[in-house]
Structures are given as C-alpha cells and as structure tokens.
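Chain by chain, the residues:
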Amino acid sequence: MKRFRWKQYRIFIVLIVIGVLFALNNAPTFGQGGDSVPPRGDGSDPNAPKIAQAATTAPVQAIAAKTGRQVNDDQPIQTASAKNGGTSPLIVSPTDALRSQHFLSILAFIGQPFMMATDSSGNVYVADISSHVVREFSPAGSLLQTFGTGLGSGAGQFNFPEGTAVVGNDVFIADFGNNRIQRFNKTTGAYISQFGLVGSGPGQLNHPTQIAYHPLNGLLYVAESGNDRVQKFTTTGVSQGTFSSSGSGPGQIDNPFGLAIDPLGYVYVSDSFNNRVQKFTSTGTFVRTIGGPGSGDGLFSNPNQLAIDRAGFLYVADRGNTRIQKFDWKGAFAGKYGVAGPTCSTEACHGFFSVPAGVAVSNVANVQPIVYVSDQGNLTVQAFEASLQPTSHPFIAKWGTAGTGAGQFANPKGTAVDGAGNVYVTDASNNRVQKFDKYGTFIRQWGSTGNGVGEFSNPFGIAVNSANNVFVVDAGNDRVQVFDSNGAFIRQWGSTGTADGLFSSPRFVAVDSSYVYVTEFGNDRVQKFTFTGGWVRKWGTLGNALGQLDGPEGIAIDPNRQFAYISEFGNNRVQIFTVFGDPVSIVTASTTGPGALIEAYGLTIDQHGSVYVSDRFAGRIVQFNDNGQYIGAFGSSGSGDGQLSGAYSFTIDRSTGQMFVADTSNNRIQRFGSTVPKNDTVGVWRPSTRNFYMRNSNTTGVADISVNTSAFTVTTDQPIVGDWN
C-alpha cells in the first residue's frame, strides 16, 4: 500500500512543480539550436564504470581473471587525473568566499533535466521528465539524438524516463511510470525492445529509477523504488536475481533512488527514505553504510542520484540539503558543492541550487573529470571540477649536513613515511637507517657496514607497511632486510643471482596492503613477495617495448587502481603495470619538451593521483597526471633552499600531501608542501560564443583576479576566449 501511495504522490508533485516552474521561469537560455545544451559533454552518471576507459577497465578485469574473485573491499579505486590537463594559466583569488568550489559553468535548460549519463566518447544523456524523452548531446554541445517520442505507454514512449545506461551501441533507459526498461539503438535512436512488467516477482519491476551496467560481469543493475530492491538482468532482459529488501537495517533499503558501480565492481545505492547510501558487492552482500539523516557534512536529506569518478570518489545529489556531497572510497566525507539559493538560471547564480536531483561525472580518458548537476528547481545544469591536482610545491624546511653523526648524511638515497608521519632515510655511504619525526628531529638510527644480520652495504630503497615494519633494500648485499619501527631485526631474504627470489643490484621497494615489490637494476625486472619473503611473481625483460624494462629504479603502487608505476633509468620513462605484472601503458616517454626526463630515478604517487619522478640530472621533480600528461616541475640544480643535486628518491605523506626528498649530493632531506588551488576556474562557459567568462564571487561587488602574476580588479564579465579544456 505504501508503494501505491508513493507513486501517486510523486507523479502529482512532479506535475505541479513542472507547471509552476514553466509559469514562473523566464530566465534566458543560451546554446546552439532550439535545445539548450550542456556547456561541455563530459558528464556521466552512476553508470560511469560501465563505460570505463581501457586504462581502468582492462586492469580490473585482469585482476578478476587472475584471482577468480572480486577484489576485496577497502581496496581504493584510482586517483583522479589532472585539472584541465594541467594547462590552466588562471588563478582566481576572490575577496569573498565562493558559494561553489571549483565552479565551471551554468546552462539554462529547455525542459526539466533530471538524471544524466555519459558514454565513453563523452556524449551526455539527459532525461527530460517534462517532455518524457532522453536527449543526447556531443561533447561540443550539439544535439545528437532524442530517445523516445514523448508521454505514453507504447513502444518508445515514456512515463517519466529516469536513469540511462550505455552499453556498446545500445542505450537502456529506466521508464519509471511504465515499470519497464526500454532499449534503443545509440546510432539511430530507434526503439529496439523492452523488458519488465509491473510486479514484485523475478523479472518484474515496480518504479525502476536508476540503471547501471556492471563491466566485470556484463549485467544491468536496476534500482526499484517500489520493490525496495536491486534487480540484475542480462542485456537481453533475463532476470539474474535480486538483493536487498524493505527496511532500515544494514543492507535494507527504503525507496532506492540512485545506483552506481565503481571500477572494482561494488554497487552503491542511495537509500533515500533512510537518508543514507549503502554499499554492496556485485552479488548483493552488504558492505557498509555511508551517511545518515541530517544536514551536517556526510549526512543526507533525501539523497537522489549517485555518480562515481574514475578516482573512485562517490558523488551524491543530497536533494533535501540542496547540495552535492563527495565521499572517498571508504565513505569518508571529502567535499561538497553548492548551497540553497534564489530561483534563477543566469550565470550570476552559479553554485546556487534549488532542487539538485541529478549528478553525473565525466570519465573520459585524458580529460579532467567534471561534475554535472541537474537542478530541477532552476531548470539548469551546472558544472564543477571534480578534483584538483597540486599545482605548486613550496619549500618548507630542510635538515641534515654531510657527516657521520646523528642527523648527518653521506649520500641519503631512500625515504619512507609511516602512519604517524615519521620519516625513515637510508644513509647509503654510512650504511645505516635514520629515523626522524616529520619536523626533522632525530629519533634513532640502526645498522653498520657489513653483510651480517642488521648490517648494510649501500642501503637503497626503503618502505614502511601498515604494521610499521620497515623494508630496506640492502643493495650491496643483494637482499631485503626487515625491521620493526625501532630498528629491531625481523627477517631477511635474497642473495646474488638471477633465479626467482634472487637479486642483482636491487634498487627501490614499495609495499601495498599485502605484498612487497622490489626493482632490480641488474636483472631488469620487478619481483613481488609476501611480507615474509615468499616469492610471488616477477615481470620485465631488457628492452624498450611495452612490458620491457631497462634499468628499473623507482616503484610506486597505486592502491586505488591496483597499478604499479615503474621509472626506468635506461629508457627515461615511466611504465604502468597491474600489480600482477600485466603491462598497461607507457607514460612520460617524450624526449623533448618540459616533460622529457634525463635521468628517471625515484618515483611516487600522491593522494590526488599525481605521479612524481625524480629527474636526477636536471635537479628537479617532475609531475604528471595519472594519464601521463605533464603538469609541472619544481626544483632546480643547486644547493639553495628548494634546489636539488642528485636527488635519488622522495616520498609523500598522504595525510598531508607533504613531500620529503632525499637530496643526495647535498646530504640533506628537504620538505616541500602541496598547494591545491581552491577557486581557480570560477566563471561561466557560454557555448554559444565558446567563451569562458570570469565572474564576481558575489552577485554584486568585485573580485580580485590574478592572471599569472598580474593582479587587477574587474567589475564586469571578463571573457577568456577559446575552448576551456
């Protein structure tokens, strides 16, 4: 009975809202042609992983194939790529706090935009619930296709279209009021087929809201608000079972509205009436609850559509609180967009929401993810930056001088940070490890010259796992030694050779939640071990083709995507492999330009997804995004503050973003900060003129804007000509 009343109530309210808004809304529209279009066609919806790019999907499929099971929960997904490809020269510093962080653009929309999706080309699909159709736009904003012929119950007609999923050349659309899923040809827009009848049995549907494609098992997942469940189907419409039931307990749902699937296959459902989001495995096993009722950060009031970016961040349209909230892969609050504001659809109202019901995130390769928000109350679509990369790394502090005393160094080569922020340094020519707090205060040291237990010969790479075990590459002795955080010896493994488990000039070491990875300069390979030294696998042979290595040095594990990044001295590049050794791609292989490397040594990854490489000969640290696009560099050759000489390696404290660099030839450690700009593309994109307009931080007043280093004050729109990508 509750479900029947909800259906009547919902449709009644929507119809009233549509009538009122069309009567009152006189805001101008802009765009190309008769239909206003999103400013850039980069948005996607909870279906984002269904159209994941090869760099995301293929390695995940490789993981599933090799393990024979889904990757365990609490494996983060992947980190985000660079903002605007790292090409933006603008830094905006408003005198007043902005209403919307990372705002990009606003668009007045003809009709009532609701749920959104994208395909792998960046084309945008917007459900228009006033016209009862779904419209497809190109990334340039041109209307490409309209799916459906309007209100009705016949083939190709809709009664409130909601979620969309694009699978190859097929477009699946949830037809809420007709209790079915309709399938269309993506190229022609022609109706193909449908499945679902009203009911609660297998294959039956009751008010389907959101639909998403699972790339790992090839199934469609449909959220049913009327049956309080999620149902799985083949793409031909055969039911493959359901999970969840009505209620408020863990794993139960009440009016599931949004649904999203992350790149590792986990299913997120917006449990609207319980004011929370629930996470399940692909088979329906409950994992965790995110949020709860309220208006504080991380709490919800009637959460609607969900979306996930390629970094694994979850975006929730928190409708009742008139905002979009962002969460990391463990459900921790990570940010928010928008506030409640006046009803309007002009550029002066950026960041103001009335009824934010839909959210989508672009997931196009080599393009900065963009968050799109459909505001039913204002009949607009707004766009925001999904995430930002650090764009500057200011020098903070240094410690150490040449010598043999405590806190002095002779060719420091490796650095690592533990969970408390303590810094460990391999002092290579002094054959010891030194431990400091994050401010550089000496804590302890251990080791001496030799080949016995706890002795070293040119200690090189160093890593610390979550149990605070310290793994040290004892390069001269061709082995790995393990210590506790106080320097007490635990175990060792390895000796000289080419067989599995043996080493020839091992260099750097990295750890993930379960394994140890060691690069070998002499054998041109990477070996993987358990924490106790059990050999697992190896990969790499001498060469410069994809999957081959020449003088591998630095290594970093991206826990989000289960990738291993490896820098090669001989090839002056970085390669990406899965943690199983499958080659993914070659990045930073350019030989000219600012991103070209001269001597690629140490390598690490920050919490935003940036890849950093020590370009040792050039005395700098080079920054790339996760797709290999050059972002910037810092440092120069020398001995002054912020200058580097022969820097072998560095590490990043992911809790703070601060970087600790082993400035080898200067016999010191330098600490650098990490600055992520907060408001550096605030303005309005006008697709009709293809200009990007800077706006004031308030509807009136002035904003101070700096272009490069020149500051000036503007009181009117400031056009920036060109496509803002």
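Residues numbered from 1 in each chain as written. Predicted model: local features only at pLDDT ≥ 70, side-chain atom pairs only at ≥ 80, totals over all residues. Heavy atoms only, no water.

1. Observations regarding the overall build of the protein
- Looking only at helices and strands, one finds two helices and 56 strands in the protein.
- Within the span of the protein, comprising 725 residues, buried residues form 61% of the whole.
- Sequence separation of 24 or more characterises 54% of the internal contacts of the protein that already satisfy a separation of 6 or more.
- Here the protein has roughly 23700 Å² of accessible surface; of this, 51% comes from carbon and sulfur atoms. (Helix = DSSP H or I, 4+ residues; strand = E, 2+ residues; numbered from the N terminus. Buried < 20%, exposed > 50% of the residue type's maximum accessible area, 1.4 Å probe, protein only. Contact = heavy atoms within 4.5 Å. Areas by Shrake-Rupley, 256 points an atom, 1.4 Å probe, with all protein chains shown as cover.)

2. Some words on the nonpolar core
- Formed by 29 residues in total, the largest nonpolar core has its most connected members in Trp 493, Val 516, Val 518 and Ile 555.
- For this core, the secondary structure elements donating two or more residues are strand E33 (459–464), strand E34 (470–474), strand E35 (479–483), strand E37 (506–511), strand E38 (515–520), strand E39 (525–530), strand E41 (552–558) and strand E42 (563–568).
- Tallying contributions element by element places E37 first for this core, with four residues.
- When neighbours within four sequence positions are excluded, Val 518 is seen to be in contact with Val 473, Val 480, Phe 503, Pro 506, Phe 508, Val 509, Arg 525, Val 526, Gln 527 and Phe 529.
- Membership of the second largest hydrophobic core comes to 17 residues, among which are Phe 114, Tyr 125, Ile 173 and Phe 176. (Core = buried A, V, L, I, M, F, W, Y, C linked by side-chain atoms within 4.5 Å.)

3. Observations concerning the pattern of salt bridges
- Following the criterion strictly, the structure yields 18 salt bridges and no others.
- With its nearest N and O atoms 3.0 Å apart, the salt bridge here joins Asp 615 to Arg 620. Per residue, the accessibility class of Asp 615 equals that of Arg 620, and both read buried.
- Sharing partners across several salt bridges, the network here consists of Asp 119, Glu 136 and Lys 186. (Salt bridge = Lys/Arg side-chain N within 4 Å of Asp/Glu carboxyl O.)

4. Structural notes on the sheet that holds strand E19 (residues 303–308)
- Ordered in space as E19-E20-E21-E22, the four strands form an open sheet in which the pairing is antiparallel. Looking at which strands have only one partner, the edges of the open sheet turn out to be E19 and strand E22 (333–337). For this sheet, the mean inter-axis angle between neighbouring strands, taken without regard to orientation, is 20°.
- Summarising the sheet, strand E21 (residues 323–327) and E22 pair through four bridges and their orientation is antiparallel. Counted as the bridge partner of Lys 326 is Gly 335 from E22. (Pairing = 2+ DSSP bridges. Axes fitted to C-alpha atoms, helices over the stretch in contact; angles between N-to-C directions.)

5. A closer look at the pairing of E21
- In terms of burial, E21 is a largely internal element, five of the five residues being buried.
- What you see with E21 is no split at all: Arg 323, Gln 325 and Phe 327 on one side and Ile 324 and Lys 326 on the other are buried throughout.
- Inspection of the sheet shows strand E20 (residues 314–318) paired to E21 by five bridges, in the antiparallel sense. The partner of Tyr 315 across the bridge, within E21, is Lys 326.
- If you look at the hairpin formed by E20 and E21, you'll find four residues sitting between the two strands, and Thr 322 has a positive phi there, around 45°.

6. Some thoughts on the side chain of Arg 183
- In this fold, Arg 183 is placed in strand E9 (residues 180–185).
- Overall, Arg 183 belongs to the buried group, its relative accessible area being 17%.
- At a separation of 2.5 Å, a polar atom in the side chain of Arg 183 contacts the side chain of Asp 170.
- With residues up to four places along the chain from it excluded, the contact list for Arg 183 reads Asp 170, Val 171, Phe 172, Ala 190, Tyr 191, Ile 192, Ser 193, Thr 235 and Thr 236. (Polar contact = N/O pair within 3.5 Å; in protein donor to acceptor, adjacent residues only side chain to side chain.)

7. Quick word on unusual backbone geometry
- Look at Asp 228: it is not a glycine, yet its phi comes out positive at around 50°.
- With a relative accessible area of 2%, Asp 228 lands in the buried category.

8. Digging into the packing of aromatic side chains
- Across all of its chains, the model carries 32 aromatic pairs by this definition.
- When the centroid spacing of 5.7 Å and the interplanar angle of 40° are considered together, the rings of Phe 471 and Phe 531 count as tilted. Of this pair, Phe 471 sits in strand E34 while Phe 531 sits in the loop between E39 and strand E40 (535–539); the two residues are 60 residues apart in sequence, bridging distant segments of the chain.
- Here the aromatic rings of Trp 493 and Phe 529 are separated by 5.4 Å at their centres, their planes lie at 45°, and the arrangement is tilted. (Phe/Tyr/Trp six-rings, centres within 6.5 Å; stacked < 30°, edge-to-face > 60°.)

9. What about the environment of Ala 127?
- With respect to the secondary-structure elements, Ala 127 resides in strand E4 (residues 124–128).
- Taking the C-alpha atoms as reference points, Ala 127 and Pro 161, 34 residues apart in sequence, are found 6.0 Å from one another.
- Setting aside its immediate chain neighbours within four residues, Ala 127 contacts Gln 112, Pro 113, Phe 114, Met 115, Val 133, Val 134, Pro 161 and Glu 162.

10. Some words on the sheet that holds strand E17 (residues 276–280)
- With antiparallel pairing, the four strands of this open sheet are ordered in space as E15-E16-E17-E18. Pairing within the sheet leaves two strands with one partner each, and these edge strands are strand E15 (256–261) and strand E18 (286–290). The sheet shows a mean angle of 20° between the axes of neighbouring strands, taken without regard to direction.
- When E15 meets strand E16 (residues 267–271), the two strands line up antiparallel, connected through four bridges. When the bridges of E16 are listed, Ala 260 appears paired with Tyr 268.

11. A word on the environment of Thr 242
- Mapped onto the elements of the fold, Thr 242 is located in strand E14 (residues 239–243).
- Given the relative accessible area of 39%, Thr 242 is considered partly exposed.
- For the pair formed by Thr 242 and Ala 223, sequence separation is 19 residues and the distance between their alpha carbons is 9.8 Å.

12. Focus on the side chain of Thr 322
- Within the secondary structure, Thr 322 sits in the loop between E20 and E21.
- You can call Thr 322 buried: its relative accessible area is 13%.

13. Quick look at the pairing of strand E10 (residues 191–195)
- With four bridges connecting them, E9 and E10 associate as antiparallel partners. Looking across to E10, one finds that Gln 182 is bridged to Gln 194.
- The antiparallel hairpin formed by E9 and E10 contains five residues in its connecting segment, where Gly 189 sits at a positive phi of about 80°.

14. Focus: the confidence of the model for the protein
- Model confidence for the protein is summarised by a mean pLDDT of 76, while 72% of its residues fall at 70 or above.
- Across residues 1–104, confidence stays below pLDDT 50; counting only partners more than four residues off in sequence or on other chains, it has 356 contacts.
- This stretch, residues 676–725, has a pLDDT under 50; its non-local contacts, to residues over four places away or in other chains, come to 149 contacts. (pLDDT = per-residue confidence, 0-100.)

15. Here's the deal with the environment of Thr 236
- Its location among the elements puts Thr 236 in the loop between strand E13 (229–233) and E14.
- Accessibility expressed as a relative area gives 60% for Thr 236, which makes it exposed.
- In the structure, Thr 236 is positioned 43 residues away from Ser 193 in sequence and 8.8 Å away in space, judged by C-alpha atoms.
- Within the local environment of Thr 236, its side chain forms a polar contact with the side chain of Thr 234, the two groups lying 2.8 Å apart.

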